[in-house]
Amino acid sequence: AVGAVAMPCPNGDRDCRQTGQSCRTDIDCKRPLVELGTELAVTFDGVKSTMNEENKEIFVNTLKDILAKTLEESKISLSSLELTQQALGYSFDYVELKLYLTARHRPGENDSRKNLNSIVQEYINNESFIVVLKIKQAAALIQTLYFISASEIYVGEGRTEKPTVVPT
């Protein structure tokens, strides 16, 4: 139940929604903090090369901002997001990425354990257009052209190349 009374978080950390240095009582700060982590296979369509350091920073920071807001709705605090690997796709029009996310969640009395991978995958796959648009907007602010041809982003086990059909 949401209450007007706030109590201090025992960790003094961003493990739950904060008002000043206090957490709302609906977060249930007296319960133990659960660390979550997941690796994601991400395909970024429309780009023709891997990202340089500047483009990696734009990508990671923008995606982290987007996911932090999304995860907050599930009472999860995103701790970190790292781009751990990238490789140009076979058809040279997409990049395969490996991302590693860590987050914290303080389950309430009736909460089950949150599946970080499922929440992130569902959001990115359902909101691909918005995610790509926000990345492009962030890139435009510093006038980098890398993301201009980006068209789609999705989480899964990699892009499946269409087999070449041989006429019979």
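Use the structure listed above.
For the structure given in this document, a descriptive report is provided here. (Residues numbered from 1 in each chain as written. Predicted model: local features only at pLDDT ≥ 70, side-chain atom pairs only at ≥ 80, totals over all residues. Heavy atoms only, no water.)

**Considering the packing of aromatic side chains**
Right, so step 1: Inspection of the entire model under this criterion finds three aromatic pairs.
Right, so step 2: Seen from their ring centres, F44 and F59 are 5.4 Å apart, and the 55 degrees between their planes marks the pair as tilted. Taken together, the residues span a long stretch of sequence, with F44 in strand β4 (residues 34-45) and F59 in helix α1 (residues 53-72) at a distance of 15 residues. F59 shares its class with F44; the two are buried. (Phe/Tyr/Trp six-rings, centres within 6.5 Å; stacked < 30°, edge-to-face > 60°. Helix = DSSP H or I, 4+ residues; strand = E, 2+ residues; numbered from the N terminus. Buried < 20%, exposed > 50% of the residue type's maximum accessible area, 1.4 Å probe, protein only.)

**What to know about the packing of α1 against helix α2 (residues 116-126)**
Right, so step 1: At a minimum axis separation of 11 Å, α1 and α2 run at an interaxial angle of 115 degrees. One finds that α1 runs roughly perpendicular with respect to α2. Where α1 crosses over α2, the handedness of that crossing is right-handed. Within the contact between the two elements, α1 uses L63, I66, L67, T70 and L71 and α2 uses L116, I119, V120, Y123 and I124. (Axes fitted to C-alpha atoms, helices over the stretch in contact; angles between N-to-C directions. Parallel < 35°, antiparallel > 145°, perpendicular 65-115°, else oblique. Left-handed = near helix turned anticlockwise from the far one by under 90°. Contact = heavy atoms within 4.5 Å.)

**Here we look at the side chain of H105**
Right, so step 1: Take H105: it is sitting in strand β6 (residues 94-105).
Right, so step 2: What makes H105 buried here is its relative accessible area of 1%.
Right, so step 3: Looking at H105, its side chain comes within polar contact range of the main-chain oxygen of K75, at 2.9 Å. (Polar contact = N/O pair within 3.5 Å; in protein donor to acceptor, adjacent residues only side chain to side chain.)

**Focus: the sheet that holds strand β7 (residues 152-155)**
Right, so step 1: The four strands are arranged β5-β6-β4-β7 in an open sheet whose pairing can be described as antiparallel. Since the sheet does not close on itself, it has two edges, and those belong to β5 (76-88) and β7, each with one partner. Looking at each pair of strands side by side, their axes are set apart by 25 degrees on average, direction ignored.
Right, so step 2: Judged from the 12 bridges that link them, β4 and β6 form a sheet pairing that is antiparallel. Across the sheet, the residue bridging to D45 is Y94, located in β6.
Right, so step 3: Packing against the sheet, α2 makes contact with β4, β5, β6 and β7, and its axis sits at approximately 30 degrees to β4.
Right, so step 4: Packing against the sheet, helix α3 (residues 128-141) makes contact with β4 and β7, and its axis sits at approximately 120 degrees to β7. (Pairing = 2+ DSSP bridges.)

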